[in-house]
Amino acid sequence: MTVASTWTVTGMTCGHCVASVTEEVAALAGVEDVQVDLGSGRVVVTSAEPLDRTDVAAAVEEAGYALA
Ligand SMILES: [Cu+2]
């Protein structure tokens, strides 16, 4: 069973930003899929367990961006 969660990331402007965020969030434990929509900043994460906001925020910040 998996859980989908939706987050909003601010500051992404191009495909490189999307790739960076995708890579960092995908590296979190239990994450199976990451879909980023550049236009809206929406990030949909599919994971085996619910994610902690602090963990997602840390991954996003590692990529150089922030959660809204
Ligand atoms: Cu960019």
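Above this note sits the structure.
I will try to describe carefully the structure that is included in this document.

Criteria and cut-off values
Residues numbered from 1 in each chain as written. Predicted model: local features only at pLDDT ≥ 70, side-chain atom pairs only at ≥ 80, totals over all residues. Heavy atoms only, no water. Pairing = 2+ DSSP bridges. Helix = DSSP H or I, 4+ residues; strand = E, 2+ residues; numbered from the N terminus. Contact = heavy atoms within 4.5 Å. Axes fitted to C-alpha atoms, helices over the stretch in contact; angles between N-to-C directions.

## Thoughts on the pairing of strand 2 (residues 31–37)
By the bridge criterion, six bridges tie strand 2 to strand 3 (residues 42–47) in an arrangement that is antiparallel. Residue pairing in the sheet places Asp37 in a bridge with Arg42 of strand 3. Between strand 2 and strand 3, which pair antiparallel in sequence order, lie four residues; one of them, Gly41, sits at a positive phi of approximately 80°.

## Notes on the sheet that holds strand 4 (residues 66–67)
Across the sheet, which stays open at both edges, the four strands sit in the order 2-3-1-4 with antiparallel pairing between neighbours. A strand with exactly one partner marks an edge of an open sheet, and here the two such strands are strand 2 and strand 4. Pairing geometry for strand 1 (residues 3–10) and strand 4, over two bridges, is antiparallel. Within strand 4, the residue paired with Thr10 across the bridge is Ala66. Docked against the sheet, helix 1 (residues 15–26) engages strand 1, strand 2 and strand 3, running at close to 160° with respect to strand 2.

Keep in mind these numbers describe shape, not what the thing actually does.
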